[in-house]
Amino acid sequence: MAIEQTLSMIKPDGVQRGLIGEVIGRFEKAGLKIKAMKMLHLTLAQARAFYAVHRERPFYDSLTGFMSSGPIVAMILEGENAIQVNRDLMGATNYRQAAPGTIRADFAKEIEANIVHGSDSPETARTEIAFFFNELEKV
Ligand code: ATP
Ligand code: MG
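Report follows, based on the coordinates. (Residues numbered from 1 in each chain as written. Chains lettered and ligands numbered in written order. Predicted model: local features only at pLDDT ≥ 70, side-chain atom pairs only at ≥ 80, totals over all residues. Heavy atoms only, no water.)

### Describing the overall build of the chain
Along the backbone of the chain there are seven helices and four strands. Along the chain, helices (α) and strands (β) appear in the sequence β-α-α-β-α-α-β-α-α-β-α when read from the amino end. Expected size for 139 residues packed as a compact globule is a radius of gyration near 14 Å; at 14 Å, the chain falls within 12% of this value. On the principal axes, the C-alpha backbone points of the chain span a range of 35 × 35 × 25 Å. Within the chain, the proportion of its 139 residues that are buried is 45%. Contacts in the chain between residues at least 24 apart in sequence constitute 76% of all its contacts with a sequence separation of at least 6. (Helix = DSSP H or I, 4+ residues; strand = E, 2+ residues; numbered from the N terminus. Rg over C-alpha atoms; globule rule 2.2 N^0.38 Å. Buried < 20%, exposed > 50% of the residue type's maximum accessible area, 1.4 Å probe, protein only. Contact = heavy atoms within 4.5 Å.)

Here's what the structure looks like:
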């Protein structure tokens, strides 16, 4: 298994509900290393660009409105198999189907406001990391 990097976001609901420390603690306990981190408030245009892959989906306007509704925390996580490790910590998109003990199962209350985002493949990880971080911002 390879050392990978993945892009994680704590979404506006996670920040607003005071879950930054809880979420980052879970990443660190799982052995993922934080290689970059910033808090920012996406504009609607930036949220629409980030989630452009979903532009045909019925929830696109709502999702991008939500993602630009408050500050988020973006991070690069690194470790063995980091993309899947992070997805396993997050749990399924729909919190009702998320495995017990996952972030979404423990905290999410809606399918849209589901606390965290994580890249779903090496290709999206590369694109999403470049969306948020330049070389100077990575350790
Ligand atoms: P993310 O990309 O945020 O990590 P994901 O990969 O688990 O989540 P995607 O299918 O990529 O899920 O959907 C992106 C986001 O869009 C979801 O996290 C959720 O916030 C929202 N979303 C997905 N499906 C729905 C839906 N049916 N209704 C409302 N919002 C949805
Ligand atoms: Mg996704």
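Structure's up, so let's keep going.
### Looking at the site of ligand 1
Among the 14 residues in the neighbourhood of ligand 1, the closest are listed as Lys 11, Tyr 51, Thr 93, Glu 112 and His 117. Separating an oxygen atom of ligand 1 from a side-chain N or O atom of Tyr 51 is a distance of 2.8 Å. Within the side chain of Arg 87, one N or O atom sits 2.9 Å away from an oxygen atom of ligand 1. Protein contact buries 81% of the 570 Å² of open area that ligand 1 shows by itself. Elements supplying a minimum of two residues to the shell around ligand 1: α5 (82-90) and β4 (116-118). (Near = heavy atom within 4 Å. Polar contact = N/O pair within 3.5 Å; in protein donor to acceptor, adjacent residues only side chain to side chain. Areas by Shrake-Rupley, 256 points an atom, 1.4 Å probe, with all protein chains shown as cover.)

### With respect to the environment of Ser 69
Tracing the backbone shows Ser 69 in the loop between α4 (60-67) and β3 (72-80). Separated by 25 residues in the primary sequence, Ser 69 and Leu 44 have C-alpha atoms spaced 8.3 Å apart. Leaving out residues up to four positions away in the same chain, Ser 69 has contacts with Pro 12 and His 41. At 2.6 Å, the side chain of Ser 69 forms a polar contact with the backbone oxygen of Phe 66.

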